[in-house]
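Tertiary structure, described
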Amino acid sequence: MEPPTQYVKTNDDVNIAFRTLGEGTPFVLMPTIPFGIMAGHSEVPEWRAWNEQIARRGMLVRYDCRGAGLSDRDVSDYSLDAWLLDLEAVVDSQGLEQFVLFAPDSLAVPVAVAYAARWPQRVSHLILWQAYAQAARLTEQFEPILDLLDKDWELFTETLAHVVEGWSEPETARRSAALTRENHTPRGLRSAFRAAIGIDVSALLPQVSSPTLVLHRRESRHDLNQSRNVASHIPRARLVVVEGSAGSWALQHPEAVLQAIDEFLGEGEKTTRELPSGTAIILFADIADSTTLTEQLGDAAFREKARELDGALRTLIRDKGGTPIEGKLLGDGVLATFISAREAIEAALRCGAAGNECGLPLHLGVHAGDVIREEGNVFGGAVNIASRVAGEAAAGETLVSATVRDLARTSAGVTFEDRGERELKGVGEPVRVWAVWAGEGAS
């Protein structure tokens, strides 16, 4: 039995229908824009089963976009901003401060990307199904079908359903076509498609900081290269290809889709638990010439700016997959650990830029070695070396040890400049250090 339908009004006065199922971590399932996602879906066993699986893991939130399904049909604005208003109204009505956002079709992807870029603090994880940054690239494949929209409404819905759901799923496609006719009008669907064709969020992809999973079916009609393009331009995004040809995420091997999602979401939980002792990539950041800056700004102003920067650095570190060590504050230094040398270097460069922007340039050092973890802290000679390497860096500069340079030389996409061996206090042997610069190439 479906949960009751609720309504919320957008800022431009459109009534949006939504439902919630289950409890726990919010999982927002966007509509298959410009189609609905609620009315009649309980009649399709595969979709119903998928919804129930997600609801066992947390609170599933579904809604119909404007012009479709149970939401207001008589609308004229189908712009990207308008679809963002639909999503914003639903999550705000439920007081969702942070949630998983799943775009379940190619036309929903640009809306999800735009939302994650504008409100990064709210999207804990972003999941994109068969992704396109430019809707026009998608509609090129469906141009012959769209011509049917004005000529034969029933033939259009039947053909579109078979193409989207896959010719191997005739019964599901038949039901999907019936739902399309039930939940839309030809005029509304035509207007929505026309608006969607002009959307291009390519420039927003690098601005997405949420951990992102891009899913694609190997034999789908949708172009895998488009998903690759989206995944390659979102920092730290990953692409997972699942078997099958069906267009829907819930058809053909749904267990593989759920497993990929579970593994993706589970990684975020792992970072909150105590990590084992062993080898780690260690990042150390310290404000350059803090004594002079304190004299120039005054103690209170300096400490306030330092606290703000400390928070910003910790966010940047987490965004790059690192674990900032609590209790290590600016003035004494920000210390963080990573499992990837490439991500540690990326984080260091972003931290350096943040320090420069706020007028508190940083010394940054990265080293790799064995650490001892105890009560949320890390100890050991490797931590001391990271601190000493940072101390050798000029203001705003990132230095890495030879160990880190060797680990990341072919994967970091940066340039390394040899700065020679340094005698570091408390370290028995000289350590060769390398300056890191953003940009392709490695010396």
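Residue indices follow the written sequence of each chain, beginning from 1 at its first position. Where totals are concerned, whole chains, interfaces and linings use all residues; where local detail is concerned, this predicted model gives features only for residues with pLDDT of at least 70, and gives and counts side-chain atom pairs only at 80 or more. Hydrogens and water molecules were not included; the side-chain quantities draw on all heavy atoms of the structure.

Let's talk about the overall build of the chain
Segments assigned H or I by DSSP are reported as helices when at least four residues long, segments assigned E as strands when at least two residues long, and all are numbered from the N terminus. Summing up its helical and strand segments, the chain has 14 helices and 16 strands in all. For each residue, the accessible area found with a 1.4 Å probe, counting protein chains only, is set against the maximum for its type, and the residue is called buried under 20%, exposed over 50%, and partly exposed in between. Buried residues in the chain amount to 53% of all 443 residues. Restricting to contacts in the chain with at least 6 residues of sequence separation, those with at least 24 account for 73%. Per-residue and other accessible areas were derived by the Shrake-Rupley procedure at a 1.4 Å probe size, with only the shown protein chains allowed to occlude residues. Carbon and sulfur atoms provide 49% of the accessible area of the chain, an area that totals close to 19100 Å². Pairs of residues are marked as contacts when any of their non-hydrogen atoms sit within 4.5 Å.

Remarks on the confidence of the model for the chain
One confidence number per residue, pLDDT, is output by the predictor and ranges from 0 to 100. With 86% of its residues at a pLDDT of 70 or more, the chain has an overall mean of 83. Within the model, the stretch residues 268-276 combines pLDDT values under 50 with 10 contacts to residues more than four positions away or in other chains.

So, the pairing of strand E11 (residues 334-338)
Across the 5 residues of E11, 5 count as buried, placing the element largely inside the fold. The two faces of E11 match: Val334, Ala336 and Phe338 on one face and Leu335 and Thr337 on the other face are all buried. Being paired, for any two strands, means DSSP has found at least two bridges between them. Direction of pairing for strand E10 (residues 323-324) relative to E11: antiparallel, over a ladder of 2 bridges. When the bridges of E11 are listed, threonine 323 appears paired with threonine 337.

Observations regarding the pattern of salt bridges
Here, a salt bridge means any Lys or Arg side-chain nitrogen found within 4 Å of an Asp or Glu carboxyl oxygen. Evaluated as defined, the whole model comprises 18 salt bridges. Between arginine 118 and aspartate 81 there is a salt bridge whose closest N-O contact spans 2.9 Å. Note that arginine 118 is positioned in helix H3 (residues 109-118) and aspartate 81 in helix H2 (residues 80-93), a separation of 37 residues in sequence. The exposure class of arginine 118 is partly exposed, given its relative accessible area of 45%. By sharing partners, the salt bridges in this structure join Lys320, Arg342, Glu343 and Glu346 into a single network.

Here's the deal with the pairing of strand E14 (residues 398-401)
Burial along E14 is two-sided: the residues Thr398 and Val400 and Leu399 and Ser401 are all buried. Looking at chain direction, strand E12 (residues 362-374) and E14 are connected through 3 bridges and run parallel. When the sheet's bridge partners are listed, valine 366 is paired in E14 with valine 400. Where E14 and strand E16 (residues 431-438) come together, 3 bridges link them in antiparallel fashion. By the bridge assignment for E16, valine 400 is matched with tryptophan 434.

With respect to helix H1 (residues 45-57)
Between its first and last C-alpha, H1 extends 19 Å over 13 residues, near the 18 Å set by a 1.5 Å rise per residue. Every buried residue of H1 is accounted for by Trp47, Trp50, Asn51, Ile54 and Ala55. What you see down the axis of H1 is that its buried residues fit within an arc of 135°, all on one side. A helix is expected to span 1.5 Å multiplied by its residue count minus one. By construction, the arc corresponds to the directions joining the helix axis to the C-beta atoms.

A look at the environment of glutamate 357
Structurally, glutamate 357 is set in helix H12 (residues 341-357). With relative accessibility at 71%, the residue glutamate 357 sits in the exposed group.

Some remarks on the side chain of serine 401
Turning to its location among the elements, serine 401 is positioned in strand E14. Relative accessible area serves as the criterion here: at 0%, serine 401 is assigned to the buried category. Within polar-contact distance, the side chain of serine 401 engages the side chain of histidine 367 at 2.8 Å. Apart from the residues within four sequence positions on either side, serine 401 is in contact with Val366, His367, Ala368, Val431, Arg432 and Trp434. Pairs of N or O atoms within 3.5 Å make up the polar contacts considered here, provided that, within protein, one atom can donate a hydrogen while the other can accept it, and that residues adjacent in sequence are counted only when both atoms are side-chain atoms.

Thoughts on the packing of helix H10 (residues 290-297) against helix H11 (residues 299-319)
Comment: axis = line fitted to C-alpha atoms, over the contacting stretch for helices; angle = value between 0 and 180 degrees taken between N-to-C directions. Two elements in contact, H10 and H11, have axes separated by 6 Å at closest approach and are oriented at 120°. Between H10 and H11, the interaxial angle falls into the category oblique. For the element pair H10 and H11, the recorded crossing hand is right-handed. Residues Ser290, Leu293, Thr294 and Leu297 of H10 form the contact with H11, whose own contacting residues are Asp299, Ala301, Phe302 and Lys305. Tallied by class, the residues present in the contact of H10 with H11 amount to 4 nonpolar, 2 polar and 2 charged. Angle categories are assigned with fixed cut-offs, so that under 35 degrees is roughly parallel, over 145 is roughly antiparallel, 65 to 115 is roughly perpendicular, and the rest are oblique. Less than a right angle of anticlockwise turn of the near helix away from the far helix marks a crossing as left-handed, whereas a clockwise turn marks it as right-handed. Side-chain classes are defined by residue name, with Ala, Val, Leu, Ile, Met, Phe, Trp, Tyr, Cys and Pro counting as nonpolar, Asp, Glu, Lys and Arg as charged, and the others, Gly among them, as polar.

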